[in-house]
Structure formats: C-alpha cells, structure tokens
Amino acid sequence: ILRMLVPALLILLFCFRGCAGTSPHFLQQPEDLVVLLGEEARLPCALGAYWGLVQWTKDGLALGGERDLPGWSRYWISGNAVSGHHDLHIKPVELEDEALYECQATQAGLRSRPAQLHVLVPPEAPQVLGGPSVSLVAGVPANLTCRSHGDARPVPELLWFRDGVQLDGTTFHQTLLKEGTTGLVESTLSLTPSRHDDGATLVCRAQSQALPVGTDTAITLSLQYPPEVTLSAEPQTVQEGEKVTFLCQATAQPPVTGYRWAKGGSPVLGARGPMLEVMADASFLTEPVSCEVSNAVGSANRSTALDVLFGPILQVKPEPVSVDVGGDASFSCSWRGNPPPRVTWTRRGGSQVLGSGPMLRLLSVGPEDAGDYVCRSEPGLSGLGGGTAEASLTVNAPPVVTALHSAPAFLSGPARLQCLVFASPVPEAVVWSWDEGFLASGSQGRFLVETFPYPEGHRGQGPSLISVLHISATQESDFSGSFNCSARNRLGEGGTRVSLGRRDLLPTVRIAAGVAAAATTLLMVITGVVLCCWRYSKTSGSFSEQKNLVRIPGSSDGSSSRGPEEETGSGEDQGPIVHTNHSDLALDEEGVLETKDPTNGYYKVRGVSVSLSLGEAPGGGLFLPPPSPHGPAETPIYYDFNPHLGMVPPCRLYRARAGYLTTPHPRVFTSYIKPTSFGPPDLAPGTPPFPYAGFSTPSHQRLQTHV
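Owing to the predicted nature of the structure, the values given are computational and were not obtained by experimental measurement.

K.L.:
Mind laying out the UniProt feature "transmembrane region" (unreviewed entry) in the protein, listing which residues take part and the relevant values?
P.N.:
Per the UniProt record, "transmembrane region" (unreviewed entry) is found at residues 511-534. Taken end to end, residues 511-534 has its terminal C-alpha atoms 35 Å apart, with 100% of it in helix and 0% in strand.

K.L.:
An account of the packing of aromatic side chains is requested, with residue identities and associated values reported.
P.N.:
Per the counting criterion, the structure on display carries six aromatic pairs. Considering the side-chain rings of Trp 434 and Phe 483, the 6.1 Å spacing of their centres and the 50° angle between planes classify their relative orientation as tilted. Of the two residues, Trp 434 is situated in strand β38 (residues 429-434) and Phe 483 in strand β43 (residues 483-489); the sequence distance between them amounts to 49 residues. Linked through ring pairs, Phe 331, Trp 345 and Tyr 373 together constitute an aromatic cluster. Arg 205 extends its terminal NZ or CZ atom over the ring of Phe 161, reaching a point 4.3 Å from the ring centre. Across the ring face of Phe 479, the terminal group of Arg 502 is positioned such that the distance to the ring centre comes to 5.4 Å.

K.L.:
Got a sec to walk through the sheet that holds strand β39 (residues 437-439)? Specific residues and values, please.
P.N.:
In spatial order, the strands read β39-β38-β43-β44; together these four strands make up an open sheet with antiparallel pairing. Only two strands of the sheet have a single neighbouring strand rather than two, namely β39 and β44 (492-498). Neighbour to neighbour, the strand axes of the sheet diverge by 20° on average, direction disregarded. In terms of strand pairing, β43 meets β44 through seven bridges, oriented antiparallel. Following the sheet pairing, Asn 489 is matched in β44 by Gly 492.

K.L.:
Describe the environment of Gly 131, with residues and values.
P.N.:
Relative to the assigned elements, Gly 131 resides in the loop between β12 (127-128) and β13 (133-137). Here the alpha-carbon distance between Gly 131 and Leu 221, two residues 90 residues apart in the chain, equals 8.8 Å.

K.L.:
Before we move on, could you go through the state of the cysteines and cite the residues and values that matter?
P.N.:
Working definition: the covalent bond between the sulfur atoms of two cysteines is a disulfide. Under the criterion given, the structure shown has five disulfides. Between the sulfur atoms of Cys 45 and its disulfide partner Cys 103 the distance amounts to 1.8 Å. The sign of the S-S torsion, about -80°, decides the handedness of the disulfide formed by Cys 45 and Cys 103: left-handed. Placement of Cys 45 in the loop between β3 (41-43) and β4 (46-48) and of Cys 103 in strand β9 (residues 100-105) is noted, with a sequence separation of 58 residues between them. Like Cys 103, Cys 45 is buried. A sulfur-sulfur distance of 1.7 Å marks the disulfide that ties Cys 146 to Cys 204. The sign of the -90° torsion about the S-S bond sets the Cys 146-Cys 204 disulfide as left-handed. Residue Cys 146 is found in strand β14 (residues 142-148), and its partner Cys 204 is found in strand β19 (residues 201-207); the two are separated by 58 residues along the sequence. Counting only the cysteines that form disulfides, in the order they appear in the protein, gives the pairing 1-2, 3-4, 5-6, 7-8, 9-10.

K.L.:
Report on the side chain of Thr 304, specifying residues and quantitative values.
P.N.:
Examined against the element boundaries, Thr 304 turns out to sit in strand β27 (residues 299-304). Not counting residues within four places of it along the chain, the set of residues in contact with Thr 304 comprises Leu 231, Gln 236, Phe 246, Pro 288 and Val 289.

K.L.:
An account of unusual backbone geometry is requested, with residue identities and associated values reported.
P.N.:
Omega for the bond connecting Asn 338 with Pro 339 falls within 30 degrees of zero, at 0°, which places this linkage in the cis form. Structurally, Pro 339 is set in the loop between β31 (334-338) and β32 (343-347). Here the residue pair Ser 424 and Pro 425 is connected by a cis peptide bond, since its omega of 5° sits within 30 degrees of zero. Along the chain, the position of Pro 425 falls in the loop between β37 (415-424) and β38. The backbone of Ala 49 shows a phi angle near 60°, a positive value even though the residue is not glycine. Relative to the elements of secondary structure, Ala 49 occurs in the loop between β4 and β5 (54-58). At Leu 69, a residue that is not glycine, the phi angle is positive and equals roughly 50°. With respect to the secondary-structure elements, Leu 69 resides in the loop between β6 (61-62) and β7 (75-78).

Calculation notes
- Residues numbered from 1 in each chain as written.
- Predicted model: local features only at pLDDT ≥ 70, side-chain atom pairs only at ≥ 80, totals over all residues.
- Heavy atoms only, no water.
- UniProt positions renumbered as here; feature names shortened; annotations may be inferred.
- Helix = DSSP H or I, 4+ residues; strand = E, 2+ residues; numbered from the N terminus.
- Phe/Tyr/Trp six-rings, centres within 6.5 Å; stacked < 30°, edge-to-face > 60°.
- Lys NZ or Arg CZ within 6 Å of the ring centre and 35° of its normal.
- Pairing = 2+ DSSP bridges.
- Axes fitted to C-alpha atoms, helices over the stretch in contact; angles between N-to-C directions.
- Disulfide = S-S within 2.5 Å.
- Buried < 20%, exposed > 50% of the residue type's maximum accessible area, 1.4 Å probe, protein only.
- Contact = heavy atoms within 4.5 Å.

Structure, rendered in structure tokens:
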C-alpha cells in the first residue's frame, strides 16, 4: 500500500507546486561519455525548481540518494544541491562501469535521458613472431606476423612501418572469442627481402581510439643472402701476350665457402681463391672470364671480357673463282683483330690497290684479268699478326693454242710436232689436221696423237694441255705442208699452224769424220814430240862438216810458202834431201817422209819440211844460214849448217812464218782446225726439254791435215 501511496503523493505535490509557480525541470542532462579504462568519468545533471531527492540509476538500478553513494566506493555525486547540480563521478573507471546512466528527480517524477558510458581499453604492445631479430633469406619471399593480445576496446589496428613510412602489402586477421569479444588480432606483412634489407628495423604498431598514437614493437631483419660478386681485371686493356690479374670480391651471409673460375664457359683448371693471373690472347676478347662464388645460401656469378689488342688473324680465306669472260667476279676475305684491321686487295706482282674491305668485286672480267689476287692485312700495333691470302681468278674463254718448237727431222725418219693449249673449261678435244686428214687421239697410218696435262699452266687461264703428233716415217709432203693444232670448248675454238723442219744427213757424217781426224792428229803430235825429245837427249857428238846440207823443199828463198803440189794434195813429193855423213841424219828409203793423203783426197794434205834449226831470228822467225852456192840452177836451195855443227840443237818445235811447224827431228804429226762447238738446242721459250729435241746444224770449216 505504501508503495502505491508514494507516487500518488508525488503527483499531488507536483500539481500543487505547478499551481503555485514554476515546475521542476532539467537544466542539464547527462550525455554519452567515452572514458579510458582507469580514468575518471563525470556525468553532469542539473535541475531547476527542484529541491527534493535526486538519484542516479545504472542500467535501471538506483545507486541511492546519498551524496557519497554508499556501497559504490568508486562512485559519488558532486555539486551544490541547493543550486540543483547532481553530477555523477566514477574513478577509476573499470570495464564493469560501462552502462546506461540516468539522473532522476524522484519527488518531481523527472528522469533524464539515458547516457551511455563507454570504457575504452588501450591495446597492449603487439608481438612479432620471431622477433626481436628475424632471420630471412634474401630473394626468398617471406611473411612477418604481428599479433595483439588482450581485451582492447575497440579492436586495435595493426600497422607496419619502416623508417617512419607505412608499408603496404599487409593482411589483417582477427579471432573472435565465443562470447563475441575480440580475442586475438594478427597482421601479416608479405615481402621479398634483398641483401640491402640486412639490419633494417621494422615496426609493428597497434593503434585504436583508446590509444590514437598506438603502441610499437620493433624488430631487426637479419638477412642471409648468396654472395654478391664484383669482378675486375687489371689492366682492362692489354696487349696480346701480357699478364692480366682478375680479382673476384664478394660479400655474403653466411661467409663464402668457395670460388670457381671459368673462361668462355669452360672451367679454368687449378684456379682457386679470389685471384686469377693469365696471359692475355685474342680469345679473351670473345670468351669472357667468369667468377662464381658460393656460400650456404647459394651462389652468384660475374663475368668480364678483356680488351685485348692483337694483330690481324685470318678468319675467312678467299676461295678461287671461275667466271666466264664478260661476267663479274667476287672475292671474300675476312680478318679479325683489335683494333679492326684494314684489309686491301692487290694483284700478285702488282702494287696498285684494287679495293679495301672484306669484299673485292671485279666487273666484266676479261682474259687479262685472270691471275692471283691478294688479300692483305697489315700487322697490328704489337707488330704481330697480319699477312696475305691469295685466290686465283680463272676466266673461262675460248682455248688459246700455241705452237711449241719442234726439232727438225730427217727424211724417212721419225718426227714430232707439239702444241700447248690453255683453256678453261677444258677443251673437249685437241685435233691435229693436215692435207691427208685429221686425228684427235690414237693412231692413223703414220700418225699418232697423244694429249696429256701440262704441269705448269698459266695462272688464271685454266688447265693446260700438251698435244703431240708423232710421225713414224716422214715424207717430202710433211716438210712442204703444215699441220694445224686446234681445240674447242663451250665458249669457242682456237688453233695454230705448226711446220716441220728438215735436217740433212751430210753434216752429221762430216762431224764424225772431223772428230776421228782430230783424235788421230792429236795422237801423232804427242808421239812425235816424245820421240824427238828422246832422240836428241842421246845425241853427244857434233855434225860432220861434209855434206851437211839440208834441202828445204818447196822453197827457193827460205820462206815457208807451199808449192803447187801441196795445194792439189796429189801426194807426189820428192821428199826431203839430206846430205850428211852422220848416221843421225841419214834417212834410208823407209825413212823418207811421204806426203801421202790418208783421206784419199777428201781432205787437203800438205807437207811439212824438216829442218835442223839452231835458233830463232829476232822477231820469232825461223833462223836459217845463208844459202849455199852448191847445186845447179832451178834446183832446190841448200843451206850450209857447217858453222853451227858444233852446237847441239835443243829439242823444240818452232812455228814458221807461213804457219807450218818446223821440228828438229823428222817425225810426222797432224793437226786440224776445231769446228764450232755444238750449242744447246734452239728451243722456243717455254718449250719442254724433250729428249729428242733437235739440234741446230753447225757450220764446219774445212778440215786440214798437216803431215
């Protein structure tokens, strides 16, 4: 009943006061409030025209009308009650304080609007898995996880920072508890670290309304990475043949475990450690040197090529070219060097530069362009390399036929004619033709044809052939006519005429007879000289003073002129007449020198007088004593040697004024005039030395035999 009466009384009181004046009302009502956990919360409430009981309710539960709110140690009401202020204070705020609060004027029946008290819980410092030092592998994608535990209100946001800059690429995840409250919050950062991230500091920040500035947790990245290699060469530019040092430097985590060197992809055997010394050559320009460094994480490779200066090296040799007359010819020649070499083209034997560069092109070539062409490269700066390479140009043209010198032949004897054929392409056949017919190969009657390659052809004019026409038994018509040697290929025909010379038999017989006579004469001279010297060496006496007269036939005045009988060579000679009592000078019938002709008249034979000369007259003439008055007229002259008989004549041969030989001893000898020597065969230039090449017919002087 009491409970029912209290509201009724309040209503009556309100009506009474309203009738009496201004009614109670709220001057200030509480509003929603957000308070951090542990801080103080103040909810204001002010009433006007009300002096009765004021109380606060929490979620509809009355806290009491006293100012100190007994039973609620952290709650109290402040303000001047007379002036109508009834503020609710809560300190420190706890999570259980989060509720709806109302200010009520109980006696006036007034209730304020409900005010929601929100209690915020700041997040705790987040935790990064693997921290505070996280080990990663450079180049390998990785995830970093940051977690926030506790009952933070509201749910915190986890952010990643590096050097104050927020990082992107994060993934947010939260786990809810069964009661619906937040249990766990995670943030995952995905990244692919590099070697430069080693030692970097990353920050995970938990941030919310309860803690706007957030709370941070920092970690340090410890990177493991494969070696980072730097390869250098000293010197980088080098002459071929000089020493070069390669230095391989590497940074790695964990430390380096090994080095491996290679050149052009092939391992360098025996090379270990960070240094390599080599002798530079041209291959280093195109085959780089590489250094591979390894550790527990992986390996890295770096390579470098040297700038090697070297002389030109021939890479592509020019090839022989064959082209038809009037066509174009091209040669290709490639040299490699550093610096790049200069290539020039010349013709062998000439100095004129026809072109430069790896290609040479000749337009509308003719037979005169055939020959060898030279591709030349000068040596490099080191003086090494360079050189020449040759290739021949063959100009295809109609055959060129040249007659070779052929030896003269005897009538009815064998003969041989020959011609030389230059042709490219090779002629289909070489044909010999004459008045009686023609022949290309094989034999026909007296004729036989042989064709064979000539080993020394003209360069650039293609292969050469020699064609030989053999004649087994020559006839008169072979010497009066001519023979034609012709050849044909696909470009045309060429030919030449060849004549056969004739040789007589008589000169050969004369040569043989002269050689025999010369040999006989030489033998006789040697025999006479030996006998002369032997005989006079045994002479010890003196000449008799009686009849010591010697007749010089054929002479009436002491000269050495010949008589008519000597020119005719009839062989009629009276012989020498010797008047002496000495047995040394007495000649019997068998000892008389006869001027018989041993050649039976074919050669002229003349006599030689025998005299006993005791000396030579001044000037080299024959010394004779004054003529003796003995003997009738028209008889041979006699010379008196009595004044000189006391002298022993020397064993000498004296040359007479007229060309006759005088000798102190009556012996017979012969002499002849040597014919012109036989020279080498008169061959045309370029004629091969065939064994049966003809000889020129020598001119023979008349052979004379002196007896």
